[in-house]
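Geometric and topological summary
Listed here are the chains, written in short residue letters.
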Amino acid sequence: MTLPAGWTARRPTLDDVPAILTVVHAADTFAVGYPDFDAEDVRDALTAPFVDPAQDSWLVTDPDGTAVAWSIMANPSGVGREWVDVYVDPERGAGLRAPLLARLVDRVAERAAERGLPALTARAMVYAPETRWAGELVEAGFTRVKRYIRMTRSLADLPAEPAPPAGVTVRPLRPDDENDLRLFHRIHDTAFRDTPDHDPLDFERWRDLLPSYGKVWDEWLLAEVDGEPAGALQSSDQAVDQGMGWVRTLSVLPAHRRRGVGAALLRRAFAIYATKGREGAGLGVDLANPTAPVTLYRSVGLVEERWTDMYERSVPAPQV
């Protein structure tokens, strides 16, 4: 990567978290209108499983030593696709995104070889204002494959939680009960098997990842229909700093869909968020997911707020 005179690209350390956060805040404000990361998020990214900052991340600084760009890879499960992110100060680092992306793509190729695979899929996200980034991804061989929408609702006008449909019950997960955890995992894994992007994880690996979602256990819910397991809702704490409760996943087993299970889980989650003083609730919707109809979310008061596009390309392992 060719940089202007006096500019440097190096591997970041945890000492760089404040500098990286400044870059990310500038990038987030341009993309979504507000800072969407905090220092703990940066630390989590640098210390995540299956990430080695000495190989998977770059930090670019100007001649004054000010950070202007940061790139990093992520693969939360260690299987499936590799996510590539490049954050830049939109005023000073916009031209750095394409060369940093090229370095990440090269690293994806290396990781394919390390995993003994002929190729790996690299993915990147683009928000609506990031038209230049979208073009750079296309030039690098990426293709837009799907769109996500963020849906939110205010909890200030949350109506009283209605009784669930006949036969449907909703209760909190018991996090200290392994049987409950195994039940939650089974529902989640089974419900998402018919979605195109599901990367199945066995129970042990899934349990190891739980701390990364935030321990808001009283916001994790299980649903039954006539005493039979039917659905599960997993919250995360990713939007707490915005005063919001966040639904990370909503899972309903195929045999129990369209019986009001999903709506009952969502309404109970919203009631819990409101009790905690949260001002709003939200979730992300994969428009390509056949099990998550937008009409369900609209029925519980959620409305579309913005969209995000996902781009991907297949990266072959280096030829030996």
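Scroll up to find the structure.
What you see is a predicted model; the values in this text were computed from it and never measured. (Residues numbered from 1 in each chain as written. Predicted model: local features only at pLDDT ≥ 70, side-chain atom pairs only at ≥ 80, totals over all residues. Heavy atoms only, no water.)

In spatial order, the strands read β1-β2-β3-β4-β5-β12-β6-β11-β10-β9-β8-β7; together these 12 strands make up an open sheet with mixed pairing. Across the chains shown, the open sheet's two edge strands, defined by having one partner strand only, are β1 (8-10) and β7 (168-172). On average, each strand axis in the sheet is tilted by 25° relative to the strand beside it, whichever way the strands run. Contacting β2 (57-61) and β3 (67-74), helix α2 (residues 39-46) crosses the sheet at an angle of about 50° to β3. This element, helix α6 (residues 178-191), spans β7, β8 (221-225), β9 (228-236) and β10 (244-252) of the sheet and lies at about 90° to β9. (Pairing = 2+ DSSP bridges. Helix = DSSP H or I, 4+ residues; strand = E, 2+ residues; numbered from the N terminus. Axes fitted to C-alpha atoms, helices over the stretch in contact; angles between N-to-C directions. Contact = heavy atoms within 4.5 Å.)

Turning our attention to the side chain of His-256. The topology assignment puts His-256 in the loop between β10 and α8 (261-275). Beyond its immediate chain neighbours, meaning those up to four positions away, His-256 contacts Val-225, Glu-228, Pro-229, Ala-230 and Val-261.

The next thing to look at is the environment of Thr-152. Along the chain, Thr-152 turns up in strand β6 (residues 143-154). On a C-alpha basis, the gap between Thr-152 and Ala-98 in space is 32 Å, while along the polypeptide they are 54 residues apart. For Thr-152, the residues in contact, after removing those within four places along its chain, are Met-244, Ala-281, Gly-282, Gly-301, Leu-302, Val-303 and Glu-305. A polar atom in the side chain of Thr-152 sits 3.1 Å from the side chain of Glu-305. (Polar contact = N/O pair within 3.5 Å; in protein donor to acceptor, adjacent residues only side chain to side chain.)

Going through the model one piece at a time under the given rule, you end up with 30 salt bridges. Between Asp-16 and Arg-10 there is a salt bridge; the shortest N-O distance is 2.8 Å. The class for Asp-16 is buried, based on a relative accessible area of 9%. Exposure remark for Arg-10: the relative accessible area of 35% places this residue in the partly exposed category. With a shortest N-O distance of 2.4 Å, Asp-62 and Arg-92 are connected by a salt bridge. Of this pair, Asp-62 sits in the loop between β2 and β3 while Arg-92 sits in the loop between β4 (82-88) and α4 (97-114), and the two are 30 residues apart along the sequence. When its relative accessible area of 3% is taken as the criterion, Asp-62 is described as buried. Judged by its relative accessible area of 40%, Arg-92 falls in the partly exposed class. Salt bridges here are not isolated pairs; linked through shared partners, they connect Asp-56, Glu-82, Arg-107, Glu-110, Arg-111, Glu-114 and Arg-115. (Salt bridge = Lys/Arg side-chain N within 4 Å of Asp/Glu carboxyl O. Buried < 20%, exposed > 50% of the residue type's maximum accessible area, 1.4 Å probe, protein only.)

Moving on, we get to the packing of aromatic side chains. As enumerated under the stated definition, the model contains 7 aromatic pairs in all. Centroid distance Trp-70 to Tyr-87: 5.5 Å. Interplanar angle 20°. Geometry classified as stacked. On the criterion of sequence distance, the pair formed by Trp-70 in strand β3 and Tyr-87 in strand β4 is long-range, its members being 17 residues apart. For the residue pair Trp-70 and Tyr-87, the accessibility class agrees, reading buried in each case. Taken together through their ring pairs, the aromatic side chains of Phe-184, Phe-203, Trp-206, Trp-217 and Trp-220 make up a single cluster. In this structure, Arg-97 packs its charged tip against the face of Trp-133, placed 4.3 Å from the ring centre. Over the ring of Trp-58 we find Arg-103; its NZ or CZ atom is 4.1 Å from the centre of that ring. (Phe/Tyr/Trp six-rings, centres within 6.5 Å; stacked < 30°, edge-to-face > 60°. Lys NZ or Arg CZ within 6 Å of the ring centre and 35° of its normal.)

What follows covers α6. The end-to-end C-alpha separation of α6 is 20 Å, in line with the 20 Å expected for 14 residues at 1.5 Å each. Those residues of α6 that sit buried are Asp-180, Leu-181, Leu-183, Phe-184, His-185, Ile-187, His-188, Asp-189 and Ala-191. Structurally, α6 contributes buried residues whose contacts are with β7, α7 (203-209), β8, β9 and β10. Where α6 begins, the side chain of Asp-177 points an oxygen toward the backbone nitrogen of Asn-179, at a separation of 2.9 Å. (Expected span 1.5 Å × (residues − 1).)

Looking now at the side chain of Lys-146. Tracing the sequence through the fold places Lys-146 in strand β6. Overall, Lys-146 belongs to the buried group, its relative accessible area being 8%. Look past the residues within four positions of Lys-146 in its chain and what remains in contact with it is Asp-197, Asp-286, Ala-288, Thr-308, Asp-309 and Met-310.

Take the packing of α4 against helix α5 (residues 131-139) next. Between α4 and α5, the shortest axis-to-axis distance is 10 Å and the interhelical angle comes to 40°. Comparing their axes, α5 and α4 come out oblique. Every pair of crossing elements has a handedness; the one defined by α4 and α5 is right-handed. Facing Arg-97, Ala-98 and Leu-101 of α4, the residues of α5 in contact are Trp-133, Glu-136 and Leu-137. Residue classes in the contact of α4 with α5 are distributed as 4 nonpolar, no polar and 2 charged. (Parallel < 35°, antiparallel > 145°, perpendicular 65-115°, else oblique. Left-handed = near helix turned anticlockwise from the far one by under 90°. Nonpolar A, V, L, I, M, F, W, Y, C, P; charged D, E, K, R; others polar.)

Attention shifts here to unusual backbone geometry. Backbone geometry at Asp-226 places phi at a positive 50°, although glycine is not the residue there. Among the structural elements, Asp-226 can be located in the loop between β8 and β9. What makes Asp-226 exposed here is its relative accessible area of 58%.

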